[in-house]
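Tertiary structure, described
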Amino acid sequence: MNAAVATSVFAVFMVATVALGLLALRGRGKGGGLAEWSVGGRSLGPVFIWVLMAGEGYTSFSYLGAAGWGYNYGAPVLYVVAYMSCGYAIGYVVGPMLWAYARRHGLVGITDMVAHRFGRPWLGAVVAVLATVFLLPYIQLQITGMGVVLSVISYGAVSLNWAYFVAFAVTTGFVVVSGLRGSAWVSVLKDVLVIATLGFLAFSVPLHYFDGYGPFLDRLVTEKGEWLTLPGHGGGSGDGGGSGFGELWFISTTFLNSLTVVIFPTTVAGYLGARSADALRRNAVYLPAYNVLLFVPMLLGLAALFVVPGLTGAESNLALFKLVVDALPAWAVGLVGVAAALSSIVPMAVFMLVIGTMWGRSVLSLVPRFAERQKSAAQVVVVVAGSLALLLTYTAPNTLVRLSLISYEGMAQLLPMVLLALVWRRLTFRGAFSGLIVGVAVVCALVFTGNDPVGGVNAGLVALAANLAVALAVTLAGPRDADPRPDAEVLAHDPVGEEDESLDTARSASDHRV
């Protein structure tokens with residue numbers, strides 16, 4: 001009976017999610033071209049941009065991985081709050097710059113920007129392939145998260161394998177039909193449920209199991225004090241437990257991720273969907289407040305240490321939901337499950353959409369037969385990318401936080417080519433491309449040989465340092481690029497004081513070509 005009630009609640013909200021995606025397209029004919037599908041026609045207002053970008057930072061990791069890391073290690077998980085808050089501060093400057101650059105030149109993603117900056121369309125294709133490799137683990141993370149949620153709230157009635165497939169099918173169908181605008185609409189529903197359910201859990205769980213926060217925190221300090229300081233539980237120089245997650249790791253990971261998140265393809269999709277640069281600046285000011293919610297699953301993960309001890313490996317990701325299933329009635333379990341599932345669907349949809357857009361615009365468009373059908377090609381790629389991520393979920397499962405770190409460390413290697421190149425004209429193609437090759441090689445070598453972190457420092461930052469060193473050395477030692485275009489055509493700048501209409505005029509002509 002409990003399984004039937006919880007899964008019924010879940011099914012009703014999944015139907016409502018698809019319906020919202022379809023409603024988002026109302027009055028827009030057949031959904032428009034690639035720009036309408038991928039960046040919402042560049043017309044999303046402040047509320048939609050706020051919930052969409054908040055959704056980027058609040059995923060299934062927040063329900064599962066944050067609680068799991070709180071359960072396993074404790075204090076190191078606070079890096080999530082630190083890097084997101086710092087990233088929003090950097091985004092206050094970077095977001096409007098990228099928005100204006102893309103709108104002025106009719107671009108729809110980072111692959112477009114790289115190709116335009118260096119005047120080489122094939123370079124956008126290379127970046128698209130590389131970005132896809134590092135984005136697939138994040139899609140896998142969301143499939144895993146939503147699958148785990150569905151399996152747990154069904155009280156085991158739905159197997160993990162079937163739950164993974166449901167996660168893939170719902171999200172793929174949703175994003176192919178509705179695009180970025182549909183994701184923004186569903187983000188509103190998701191945020192309402194996330195705030196309501198986490199607010200409820202923040203008070204109900206400590207009261208149910210510990211008679212309040214006072215007794216819970218007293219017990220935590222007395223019995224689990226190791227979890228409250230860096231490097232957390234299992235700290236040390238060995239390979240077990242939480243080794244390596246000390247102060248250096250915390251600082252380096254926060255620094256690297258706060259830089260990377262502003263050029264993450266999905267973040268850029270949110271930037272480019274905005275109606276104005278001011279909307280992005282306002283979001284950068286208010287979004288850090290949303291991070292307060294992240295403390296709830298972290299604390300509940302610590303609470304699970306006393307209620308469900310002995311969880312190991314990937315099982316630790318279930319820490320929060322084991323508390324929920326034990327403490328709440330079936331209908332409430334269903335609602336919490338819906339909130340967590342939507343926290344997977346929204347970011348997963350945007351990740352799939354971004355991969356489709358990159359390939360449709362920068363890879364398949366190089367083939368003449370696909371040049372005029374970029375949107376259709378992008379939608380096919382969405383299905384292929386989702387299928388690959390589903391296959392990886394079955395064949396190469398991993399813990400949720402590990403997957404997210406691999407994505408960020410790999411994407412960080414695009415920072416010189418995407419961001420530095422847009423503010424420094426001297427950076428040459430040879431320098432940027434050489435640095436990218438070195439950075440990717442170093443990060444892959446370190447991560448896949450188990451040498452992350454390196455002496456306590458995030459491996460992605462070590463790779464980025466090598467990337468920058470090579471890029472600067474090759475640029476300064478080699479010849480200048482023979483690019484006759486003026487700086488205004490090549491570089492990005494903050495559009496403070498510019499009229500949106502002037503950007504719209506340049507953008508509209510380019511969007512018609514899309």
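Everything that follows concerns the structure shown earlier in this document.
Worth saying up front: this structure is predicted, and the values here are computed from it rather than measured. (Residues numbered from 1 in each chain as written. Predicted model: local features only at pLDDT ≥ 70, side-chain atom pairs only at ≥ 80, totals over all residues. Heavy atoms only, no water.)

1. Digging into the overall build of the protein chain
Across its full length, the protein chain carries 23 helices and zero strands. Relative to its 514 residues, the protein chain shows a buried fraction of 59%. Partitioning the contacts of the protein chain with sequence separation of at least 6, the portion at a separation of at least 24 is 84%. Summed over its atoms, the accessible surface of the protein chain is roughly 18,800 Å², and 67% of this surface lies on carbon and sulfur atoms. (Helix = DSSP H or I, 4+ residues; strand = E, 2+ residues; numbered from the N terminus. Buried < 20%, exposed > 50% of the residue type's maximum accessible area, 1.4 Å probe, protein only. Contact = heavy atoms within 4.5 Å. Areas by Shrake-Rupley, 256 points an atom, 1.4 Å probe, with all protein chains shown as cover.)

2. Some words on unusual backbone geometry
Between Leu230 and Pro231 the backbone carries a cis peptide bond, its omega angle lying at 10°. Note on placement: Pro231 falls in the loop between helix H10 (213–223) and helix H11 (247–260). Backbone torsion omega between Asp452 and Pro453 reads 5°, so that peptide bond is classified as cis. Considering the arrangement of structural elements, one finds Pro453 in the loop between helix H20 (429–448) and helix H21 (459–477). One non-glycine residue with positive phi stands out, namely Tyr155, at about 55°. Locating Tyr155 in the fold gives a position in the loop between helix H8 (121–153) and helix H9 (160–210). On the basis of relative accessible area, Tyr155 is assigned to the partly exposed category, the value being 31%. Phi angles above zero are rare outside glycine, and Asp211 is one such case at about 65°. By the element assignment, Asp211 lies in the loop between H9 and H10.

3. Considering the environment of Asn283
Of note, Asn283 is situated in helix H13 (residues 277–286). Classification of Asn283 by relative accessible area gives buried; the value is 3%. Here the alpha-carbon distance between Asn283 and Tyr88, two residues 195 residues apart in the chain, equals 8.2 Å.

4. Quick notes on a nonpolar patch on the surface
A cluster of nonpolar side chains, namely Tyr92, Val93, Val285 and Tyr286, defines an oily patch on the protein surface of about 400 Å² accessible area. For the nonpolar patch, the elements supplying multiple residues, two or more each, are helix H6 (79–105) and H13. Examined against the element boundaries, Val93 turns out to sit in helix H6. (Patch = residues over 30% accessible without salt bridge, like charges linked within 9 Å, V, L, I, M, F, W, Y side chains within 5 Å. Salt bridge = Lys/Arg side-chain N within 4 Å of Asp/Glu carboxyl O.)

5. Regarding the nonpolar core
Within the largest apolar cluster, 149 residues are counted, with the highest numbers of intra-cluster contacts made by Tyr63, Ile139, Ile143, Leu201, Phe321 and Leu414. Looking at this core, the element that brings in the most residues is helix H16 (residues 330–363), giving 20 residues. (Core = buried A, V, L, I, M, F, W, Y, C linked by side-chain atoms within 4.5 Å.)

6. Concerning the packing of aromatic side chains
All told, the structure shown has 25 aromatic pairs when counted by the stated rule. Here the aromatic rings of Phe210 and Phe216 are separated by 4.9 Å at their centres, their planes lie at 35°, and the arrangement is tilted. A relative accessible area of 1% means that Phe216 is categorised as buried. Each member of the aromatic cluster is reached from another via a ring pair, and the members are Trp69, Tyr73, Tyr79, Tyr83, Tyr138, Phe245, Trp249, Phe264, Phe351 and Tyr408. (Phe/Tyr/Trp six-rings, centres within 6.5 Å; stacked < 30°, edge-to-face > 60°.)

7. Some words on the packing of helix H5 (residues 65–72) against helix H14 (residues 295–307)
Where H5 contacts H14, the axes come no closer than 7 Å and their chain directions differ by 45°. On the basis of the axis angle, H5 is oblique to H14. Where H5 crosses over H14, the two elements pack in a sense that is right-handed. Contacts between H5 and H14 involve Ala66, Ala67, Gly70 and Tyr71 from the first element and Pro297, Met298, Gly301, Leu302, Ala304 and Leu305 from the second. Split into classes, the residues belonging to the contact of H5 with H14 amount to eight nonpolar, two polar and no charged. (Axes fitted to C-alpha atoms, helices over the stretch in contact; angles between N-to-C directions. Parallel < 35°, antiparallel > 145°, perpendicular 65-115°, else oblique. Left-handed = near helix turned anticlockwise from the far one by under 90°. Nonpolar A, V, L, I, M, F, W, Y, C, P; charged D, E, K, R; others polar.)

8. As for the environment of Val18
Locating Val18 in the fold gives a position in helix H1 (residues 2–23). In this structure, the C-alpha to C-alpha distance between Val18 and Thr171, residues 153 residues apart in sequence, is 9.1 Å.

9. Digging into H8
Spanning 33 residues, H8 covers 47 Å between terminal C-alpha atoms, matching the ideal 48 Å at 1.5 Å per step. Where burial is concerned, most of H8 is hidden: 28 out of the 33 residues are buried. Once H8 finishes, Tyr155 follows within two positions and takes phi at roughly 55°, a positive value. (Expected span 1.5 Å × (residues − 1).)

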